[in-house]
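Results of the structural survey
Residues per chain, in single letters:
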Amino acid sequence: MSLEILHTDSKDIDFIKLIKLLDDDLNERYGELQKQYNKHNKVDYINDVILIYKDEAPVACGAFKEQNVECIELKRIFVVKENRGQGLSKTMVNELEKLGKVKGYKYAILETGIKQYEAINLYKNTGYQIIENYGPYLGNTNSVCMKKELL
């Protein structure tokens, strides 16, 4: 098995294919509720995207966008179903954080859904703390927001 990690942007065709699978997965989990989140998941403006290829096939993606000069927001983290349980999501989070640090950011924040138990566990296991919901997620009881200091 060979893994390749690629830094690209949101115009990358493999990223677009993977986030289509992510959206399908979210729609399956949340149904109609997911529609209120779609506006927050637009990616036509994201410069920092990471893809993981396994044996030359795109199997995982993630991205971040700047929240402010000190903070990035992790977005669109996804691993193809057949490749889950192999540590790829942890690798993705680590790569995004590493890139954020290289670019001078001090913190990372993120939002995930209350039904995404594996995501919540992943973030807790990689050092994220639950915080009050921020920005567009204020008052939304279906959202879990988290933050981590990038050391």
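Provided above is the structure to which this section pertains.
A short tour of the structure in this document, coming up. Since this is a predicted model, take the numbers as computed values, not measurements.

Turning to the overall build of the protein, a few remarks are in order. For the protein, the helix and strand inventory stands at three helices and seven strands. Within the protein, buried positions represent 49% of all 151 residues. A separation threshold of at least 6 residues defines the contact pool for the protein, and within that pool the share at least 24 residues apart is 68%. Total accessible area on the protein is roughly 8200 Å²; 50% of this is exposed by carbon and sulfur atoms.

The next point concerns the nonpolar core. Membership of the largest hydrophobic core comes to 25 residues, with the highest contact counts inside it found for Leu74, Tyr123 and Tyr128. For this core, the elements supplying multiple residues, two or more each, are strand E2 (48–54), strand E3 (57–68), strand E4 (71–79), helix H2 (88–102), strand E5 (107–113), helix H3 (117–125) and strand E7 (143–149). Looking at this core element by element, the count peaks at five residues for H2. Residues in contact with Tyr128, not counting those within four places in the same chain, are Leu74, Val93, Glu97, Ala108, Leu110, Tyr123, Met146, Lys147 and Lys148. Ranked by size, the runner-up nonpolar core spans 13 residues in total, among them Phe15, Ile19, Ile46 and Ala63.

Moving on: the side chain of Glu97. Topologically, Glu97 is positioned in helix H2. When residues no more than four places from it in sequence are discounted, the contact partners of Glu97 are Thr126, Tyr128, Lys148 and Leu150.

Right, let's talk about H2 for a bit. Residues three or four positions apart in an α-helix share a direction because the helix packs 3.6 residues into each turn. Compared with the 21 Å implied by 1.5 Å per residue over 15 residues, the 21 Å span of H2 between its first and last C-alpha is a close match. Of the residues making up H2, those classed as buried are Leu88, Met92, Val93, Glu95, Leu96, Glu97, Leu99 and Gly100. Those residues of H2 hidden inside the fold are in contact with strand E1 (3–8), E2, E3, E4, H3 and E7. In the stretch just after H2, Gly104 is the one whose phi turns positive, near 95 degrees.

Under the counting rule described, the total for this entry stands at eight salt bridges. Among the ionic pairs, Asp24 bridges to Lys20, the shortest N-O distance being 2.8 Å. Taken together, the residues Asp24 and Lys20, both in helix H1 (residues 13–30) and four residues apart, mark about one turn of the helix. Exposure remark for Asp24: the relative accessible area of 36% places this residue in the partly exposed category.

Parameters and conventions
Residues numbered from 1 in each chain as written. Predicted model: local features only at pLDDT ≥ 70, side-chain atom pairs only at ≥ 80, totals over all residues. Heavy atoms only, no water. Helix = DSSP H or I, 4+ residues; strand = E, 2+ residues; numbered from the N terminus. Buried < 20%, exposed > 50% of the residue type's maximum accessible area, 1.4 Å probe, protein only. Contact = heavy atoms within 4.5 Å. Areas by Shrake-Rupley, 256 points an atom, 1.4 Å probe, with all protein chains shown as cover. Core = buried A, V, L, I, M, F, W, Y, C linked by side-chain atoms within 4.5 Å. Expected span 1.5 Å × (residues − 1). Salt bridge = Lys/Arg side-chain N within 4 Å of Asp/Glu carboxyl O.

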